[in-house]
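One letter stands for each residue in the lines below.
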Amino acid sequence: MSGAGARENVFATRMALTNTKLRLKGAQTGHSLLAKKRDALTTRFRAILKKVDEAKRKMGRVMQLASFSMAEVTYATGDIAYLVQEQAKQASFRVKAKQENVSGVVLPAFEVDRVGGSGLQFPQSLMHPFLMKPTDFNLTGLGRGGQQVLKAKEVYAKAIETLVELASLQTAFMILDEVIRATNRRVNAIEHIVIPRLENTIKYIMSELDEMDREEFFRLKKVQGKKKRDTAARDAAQTLAAETEIQDSVDGEGELSSNLLSSKDEDVIF
Amino acid sequence: MATSFKDRNLIAVIGDEDSITGLLLAGVGHINEYQKKNFLVVEDGKTQVSEIELAFEEFTQRKDIAILLINQHIAEKIRPTVDKYQQAFPALLEIPSKDHPYDPSKDSVLKRVQKLFGD
C-alpha cells in the first residue's frame, strides 16, 4: 500500500493548490459526518441487540406454552398431525413487509397479515378463530376436543405474532451490522488514505512554488547584477575617454615651451 | 432489494411433527401452484440430513418466503449451513421444540453477536 509519500500527480500551480485545499476541507467534513453516522448507528445497534436478546427469551417461553396447549389437544383429540398437514392449502397467516427509516438506513419490518381463506382481509382486531373461513380445519376436532383445538389455534397465533416481531428485529439487526461495517470502512479509508494524500499534495505544491519563487528571485538578482556591471563598464569607458582628451591637450603645451628655449638671444658684451 | 421483500409474505417451517402441527393449525401452511409446500416435517431418525439441507436451500432461494422457522435441534444437524447463512431475507429464526427448550448459546445469530462484542 502506498504510504506517507503518496501524493497526487498534479502540476504545481496556485490554482491546483486552491483546488486541493478545498478538497481537503471537503474530506475532513465528510470524515466527521461519517463518524457521527457510524456512532449513531452503533448506538441504535446496541439497543436492538438488547431487544433481540429479550425477545428470544420471551419466544422461548411462549413456544413452551404453545407446546403445552398442543399436548392438551393431542390428549383430548388424539393425533391430528396428519389431518392438519393435509388440510394446509392457502396460508391464512401471512406477513406484510414495510420499510422504516432509521438514521438514514432503510430497514424492513414485518407485520402480521391475516388473510381470510377466501382472500378477504380482516383487520387484526376483528380476527377471531370463528371468523376464519369455515372450512379451515373444520373437520379437526369434530370428534372431540374441538374447544382444545380452538384454544391451541389461538395460543399458536399469539406465539407466531411474537415470532414475527422477533424476525423483524433480527433482520434489522443483520442489515444494521452490514451498514455499520461499510461506514466504518469508509471512515477509515478517508482517515488513513485520502486525507494524508491530499496533505502530501499540498506540501509538494507549496514546496514547488517556493522553489519557483526562489529561482525567480535568483534570476532577478543575476539580471540586476549584470545590468549593474554593464552600467559600471560603460561608465568606466566614458571616464577613460574623457581622460585621454585632457591628456592630449596637455601634451600640446609642452612643445611650445621648448621653442622658447631654442631661440637664443645674442651674447651681451661689455 | 426493495421490491423483493414487498412480495415476500409467507412463513416457512422446518420442524418436528408437533411444532409443524401447531403452526399449521394457526394457518401458516401453504401449497403453491407447483404443489410445493412451505413446510417440511422432520422425523427423528427417518429424515436424512441431506433432505433437511435441500429443503433449507430451497426455502432460502424462494422469493415469496419472508421468515423461515427451524427447530433448534434440527438446526444443530445442519449447523455449518446455518452458520454460513448471511442473507437478510428470509429471516432465519431458531425456535425451541417440545423436547428441546431454547438454548441461547447455540443460536447462530447470537453467536455472531458474541463474536462482535466478545472482543
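These numbers were taken from a predicted model, which means no experiment stands behind them.

Cut-offs applied
Residues numbered from 1 in each chain as written. Chains lettered and ligands numbered in written order. Predicted model: local features only at pLDDT ≥ 70, side-chain atom pairs only at ≥ 80, totals over all residues. Heavy atoms only, no water. Contact = heavy atoms within 4.5 Å. Buried area = accessible area lost by both parts, 1.4 Å probe. Salt bridge = Lys/Arg side-chain N within 4 Å of Asp/Glu carboxyl O. Polar contact = N/O pair within 3.5 Å; in protein donor to acceptor, adjacent residues only side chain to side chain. Helix = DSSP H or I, 4+ residues; strand = E, 2+ residues; numbered from the N terminus. Nonpolar A, V, L, I, M, F, W, Y, C, P; charged D, E, K, R; others polar. Pairing = 2+ DSSP bridges. Axes fitted to C-alpha atoms, helices over the stretch in contact; angles between N-to-C directions.

Colleague: Before we move on, could you go through the interface of chain A and chain B and cite the residues and values that matter?
Modeller: The interface of chain A with chain B comprises 47 residues on the first partner and 49 residues on the second. Overall, the association of chain A and chain B removes approximately 4300 Å² of surface from exposure, summing both partners, and the carbon and sulfur fraction of that is 71%. Linking chain A to chain B there are 1 salt bridge. Here Asp107 of chain B and Lys56 of chain A are joined by a salt bridge, their closest N and O atoms 2.8 Å apart. Joining chain A to chain B, the criterion identifies 4 residue pairs in polar contact (both at pLDDT 80 or more). Among the secondary structure elements, those contributing two or more residues to the side of chain A that touches chain B are helix H1 (14-77), helix H2 (81-87), strand S1 (93-102), strand S2 (105-114) and helix H3 (146-262) of chain A. A total of 17 residues in the side of chain A that touches chain B trace back to one element, the largest contributor, which is H3 of chain A. When the residues that make up the side of chain A that touches chain B are grouped by side-chain class, the tally is 28 nonpolar, 9 polar and 10 charged.

Colleague: Residue-level account of the sheet that holds strand S3 (residues 65-71) of chain B, with values.
Modeller: Residue and element names in this part refer to chain B. The 4 strands lie next to each other as S2-S1-S3-S4, forming an open sheet whose pairing is parallel. The open sheet has two edge strands, strand S2 (39-41) and strand S4 (91-95), and neither has a second partner. The average angle at which neighbouring strand axes cross in this sheet is 20°, direction not considered. The pairing of strand S1 (residues 10-15) with S2 spans 3 bridges and is classified as parallel. Its bridge partner lying in S2, Gly15 is registered against Val41. Against the sheet, helix H2 (residues 17-26) contacts S1, S2, S3 and S4, and its axis sits at roughly 145° relative to S2. Taken strand by strand, helix H3 (residues 49-61) contacts S1, S2, S3 and S4, and its axis lies near 170° from that of S1.

Colleague: Explain the side chain of Thr81 of chain B residue by residue, including any values.
Modeller: Tracing the chain through its elements places Thr81 of chain B in helix H5 (residues 79-84). Apart from the residues lying within four places of it in its own chain, the contact partners of Thr81 of chain B are Glu53, Phe56 and Glu57 of chain B.

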